[in-house]
Amino acid sequence: MTNELRDFLALSYDELEELNLKAKEQRKNRVAAHKIQEERLKYLTDEKRIKAVTVLFSDLEGRLHMLDYDKKFLIKSWDNLTFDGSSIRGFTAQRESDLRLAMDWGSFYWAPADFFGSGKVLVFGQVIDKDGSAYSADIRGVLKGYAEELYKKEGYTLNAANEIEGFLFKGADAERRYHSNGGFEYVNTGGYYHSLPGDPLRTFIDTTAEVQRAMGFQNEKDHPEVAPSQFEINYGYGEVVQAADQIQLYKLICRQVATKMGLTASFLPKPVVGVNGNGMHTNVSVSENGKNLCWDPKGEEKLSKFGWAFIDRILTHANDICLLLNASVNAYRRLDPHFEAPNQIKASPVDRGSMIRVPIGNEKSMRVEVRSVAPDANPYLVMYSIFKTGLEGDTAKIKNLRQAERYLPDNVYTALENFEKAEWITQLLGADVKGRYVELKRAAADRCPRALGTFVKTPEVQYHHEVYNQFLWNLF
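An account of the accompanying structure is given in this report.

Turning our eyes to something else, we now look at the nonpolar core. One broad trend across soluble globular proteins is that nonpolar side chains are buried collectively. If you look at the biggest cluster of nonpolar residues, it comprises 102 residues, and the most contacted ones within it are Met215 and Phe231. If you tally residues by element for this core, the top one is helix 8 (residues 240–260), at 12 residues. The contact partners of methionine 215, leaving out residues within four places of it in the chain, are Asn20, Tyr109, Trp110, Ala111, Pro112, Phe116, Leu122, Leu249 and Ile253. Leu16, Val55, Phe83 and Leu99 belong to the second-largest nonpolar core, a separate cluster that totals 29 residues.

What follows is the structure in structure tokens.
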């Protein structure tokens, strides 16, 4: 059938941006869920050019899963969508496999047809257990429940923004083809802030930024990063659940754009030896009735006592939560002090080797930056662990806690050991989910080489052979 005979929804980028920004404003203003639900269902019913609704959810490790439901079916059955949870890593056992998907109608996105297909819209779902309660291993649902409870009890709004680094490599599916290709090949060797107009890296960044803008990301800046062929595309902060959703969408958009260009966008923390790895610096703040609780013009570094107490709790539990922020074998290759790696358990306004940095800010932007986060971590676990630890964790009686000589683990097995023995993690996740997560991470670690492999020479750079194995089991 020719395209001329089809009449599927394909909006201009300006129209997409307008719709997505309106939805974003509704989330910001906390419009009642039933009103948004009514509005979205009416829209789907009236808009005849939509053929399917893509529902997104994430497993315990953070892999993004997508199901396409026929629009007419969804309109009739949106409150009774079931799926097989035993096929999702970290979810149910085979004997208790049935789970439900509930629509989070507020997290509704219109996406460019040239990258996501015409006639489709996106919505994030929430996993529901057989008894109708929120499913404990669906961390997005856990995070949303926690954020809503804090807002109701304390009037707190949890805010976050992420600086997500990635590499752009030549060839489609370059990670899976790592061995057959003999390594990764850069598309650009210009370095920090340096990429000529029209070269593949600049074209990729420009195109990705356009898609993000159309999807309501409200971009701030974009640029090549320190390592060759590395990129970072920054966008504005948002409420914590939306911010975590945007991490999933950011990586999805990057991969879609790269694939269409015949390239690969990689978010492995350390795909290339000898250059800086990929981080996901996580900027967080808490506001109350529009007031930024992290700001104090008279405070140390202009950060309030509230903000410093938040940092002290993170530093106290740094080794407990490290496996949530650095979830793969490859992530510990990144925590190398020779490449600006934030492996020191301390806080500083200037030292980029510190786990936590206090950036320059004002009344609106003052925040805490957690730098020791890898981009292949589950974003919902990252947000949940940082905020709950920062607000409710313990404070250690360590002399000079903020500058003490302490370090994050340099391998996944030490991180696993710290995680397993941490009572705080049991409080954070519950014993069942904690056990499932440990089982998944130990299995993935055991499949990978325990020691660094031998070097393989390529024309441009040297690589470790374990990257390929790590990709197979830890990419999402």
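Further remarks concern the pattern of salt bridges. The full count for this structure, using the stated rule, is 22 salt bridges. Close ionic contact of arginine 63 with glutamate 61 constitutes a salt bridge, the shortest N to O distance being 2.6 Å. The buried category is assigned to glutamate 61, whose relative accessible area is 1%. The partner of arginine 140 in a salt bridge is aspartate 245, with the nearest N and O atoms 2.8 Å apart. In this pair, arginine 140 sits in helix 5 (residues 139–154) while aspartate 245 sits in helix 8, placing the two residues 105 residues apart along the sequence. Considered together, arginine 140 and aspartate 245 belong to a single accessibility category, that of buried residues. Overlapping salt bridges, with partners in common, bring together Asp59, Glu61, Arg63 and Lys441 in one network.

How each quantity is defined
- Residues numbered from 1 in each chain as written.
- Predicted model: local features only at pLDDT ≥ 70, side-chain atom pairs only at ≥ 80, totals over all residues.
- Heavy atoms only, no water.
- Core = buried A, V, L, I, M, F, W, Y, C linked by side-chain atoms within 4.5 Å.
- Buried < 20%, exposed > 50% of the residue type's maximum accessible area, 1.4 Å probe, protein only.
- Helix = DSSP H or I, 4+ residues; strand = E, 2+ residues; numbered from the N terminus.
- Contact = heavy atoms within 4.5 Å.
- Salt bridge = Lys/Arg side-chain N within 4 Å of Asp/Glu carboxyl O.

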